[in-house]
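# Examining the three-dimensional arrangement
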Amino acid sequence: LDKIEKLDIKAISESDKYISDLQTLYQYITMLHNSITTGNKTLTEDLLLELPFIESSMDFFFGKNNKTAYETGQLEKLISNFHGENDNQPLILLLQNITLILKNRIKELTSPFSALLETAEKLQQLIPEISDVSVMLQTGDDKKAIDSVLKFIELSEDLIRIFPFLRDFGYTDITKESINKESFNDFFKEFNGILKELVTAFDINDSILIGDLMEYEIVPKVTRLMEYINLIEKT
């Protein structure tokens, strides 16, 4: 250290760091996809040397238990069976899926309000479907019910992830908004608690609790959530 004459330090915001890391991850997955698709074995082998670092980054961005987006170990498993000659279609499809998810995540950060409105509209359109989850479970249509719950959980997580970035782009700080004296923070704490209860019910396969939560707790909360979203505007 005594030989260092000059030390340059650059500080960037947390959101800028987040975007930069996502873009790096997107570039890596895109390059890996292209190298495998075109049969560039040398480039593929070079890229695979970085896979352990990449997988840890994906665990951070996607969550280790996010089955709808990226399952921990799935990429590693497909890569371990990669020899450059076998059928690589499952691996290619997984990389395409990851690429699409990353593109959407980058859009959330660079155009958060647009992403918020799109996600909110999808959640709004899902309300009639999740309202019938209890009926689906009672009539034996378990697959459709579970698919509806998974879509709801995914869209809810998307909204929650977008909220903090709105403030950085000059939009209303939703955490300071209230409706009928109920602050968004208080609403969100309760809503988040219900989401955790839903995930637990899903994990233990409690179909009765899932149906009750969706019909009596989730649907009214989503309706109220839309009211808070309508308060967001450019400041």
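As shown above, the structure is provided for reference.
Quick look at the structure, then. (Residues numbered from 1 in each chain as written. Predicted model: local features only at pLDDT ≥ 70, side-chain atom pairs only at ≥ 80, totals over all residues. Heavy atoms only, no water.)

### A closer look at the overall build of the protein chain
Helices and strands together make up the secondary structure of the protein chain, namely 10 helices and 2 strands. The N-to-C order of helical and strand elements in the protein chain reads α-α-α-α-α-α-α-α-β-β-α-α. Based on the C-alpha atoms only, the size of the protein chain along its principal axes is roughly 60 × 55 × 30 Å. Within the protein chain, contacts between residues at least 6 apart in sequence are counted, and of these 71% link residues at least 24 apart. When the accessible area of the protein chain is evaluated, it comes to approximately 14100 Å², of which 51% is carbon and sulfur surface. (Helix = DSSP H or I, 4+ residues; strand = E, 2+ residues; numbered from the N terminus. Contact = heavy atoms within 4.5 Å. Areas by Shrake-Rupley, 256 points an atom, 1.4 Å probe, with all protein chains shown as cover.)

### Section: the nonpolar core
Looking at soluble globular proteins, one finds that nonpolar side chains tend to be buried together. Core analysis: the largest hydrophobic core is formed by 40 residues, its most contacted members being F152, F163, M214 and L225. Among the secondary structure elements, those contributing two or more residues to this core are α6 (112-131), α7 (133-138), α8 (142-168), α9 (184-203) and α10 (207-229). A per-element tally of this core places α10 first, with 10 residues. Those residues within four positions of F152 in sequence are excluded, and the remaining contacts are L123, L126, I130, F191, L195, L198, M214, I218 and V222. (Core = buried A, V, L, I, M, F, W, Y, C linked by side-chain atoms within 4.5 Å. Buried < 20%, exposed > 50% of the residue type's maximum accessible area, 1.4 Å probe, protein only.)

### Here we look at the packing of α8 against α9
A pair of packed helices can be characterised by two numbers: the angle between their axes and the separation between those axes. Closest axis-to-axis distance for the α8/α9 pair is 12 Å, and the angle between their directions is 145°. Note on packing geometry: the crossing formed by α8 with α9 is left-handed. Across from I146, V149, L150, F152, I153, S156, I160 and F163 in α8, the residues of α9 making contact are F184, F188, F191, L195, L198, V199 and F202. For the contact of α8 with α9, the per-class residue count stands at 14 nonpolar, 1 polar and no charged. (Axes fitted to C-alpha atoms, helices over the stretch in contact; angles between N-to-C directions. Left-handed = near helix turned anticlockwise from the far one by under 90°. Nonpolar A, V, L, I, M, F, W, Y, C, P; charged D, E, K, R; others polar.)

### Focus: the side chain of S156
Positionally, S156 belongs in helix α8. Residue contacts for S156: discarding those within four places in its chain leaves L123, F191 and L195.

### What about helix α1 (residues 14-38)?
Helix length check: α1, at 25 residues, gives a terminal C-alpha distance of 36 Å against a target of 36 Å (1.5 Å per residue), a fit within 8%. Within the sequence span of α1, burial applies to S15, Y18, I19, L22, L25, Y28, I29, L32, H33, S35 and I36. Within two residues after α1, G39 carries a phi angle of roughly 75°, on the positive side. (Expected span 1.5 Å × (residues − 1).)

### What to know about the packing of aromatic side chains
For the structure shown, the criterion picks out 8 aromatic pairs. Measuring from ring centre to ring centre gives 6.1 Å for F184 and F187, while their planes differ by 40°; the resulting arrangement is tilted. Pair noted here: F184 and F187 are both in helix α9, with a separation of 3 residues, about one helical turn. A network of ring pairs unites the aromatic residues F163, F184, F187, F188, F191 and Y228 as a single cluster. (Phe/Tyr/Trp six-rings, centres within 6.5 Å; stacked < 30°, edge-to-face > 60°.)

### Some words on unusual backbone geometry
A positive phi is found at N180, a non-glycine position, where the angle reads about 50°. Residue position: N180 is located in the loop between β1 (178-179) and β2 (182-183). Classification of N180 as exposed rests on a relative accessible area of 69%. Located in the positive-phi region is K181, a residue other than glycine, with phi close to 70°. Residue classification places K181 among the exposed residues on the basis of a relative accessible area of 86%.

### Some points on the pattern of salt bridges
Using the criterion set out here, one finds 10 salt bridges in the structure. Within the structure, one salt-bridge network assembled from shared partners comprises E108, D158 and R161. (Salt bridge = Lys/Arg side-chain N within 4 Å of Asp/Glu carboxyl O.)

### Some details on a nonpolar patch on the surface
Together, L1, I4, L7 and I9 make up an exposed nonpolar region whose accessible area comes to about 550 Å². Mapping L1 onto the fold places it in the segment before α1. (Patch = residues over 30% accessible without salt bridge, like charges linked within 9 Å, V, L, I, M, F, W, Y side chains within 5 Å.)

By themselves, these are just geometric observations and shouldn't be taken as functional.
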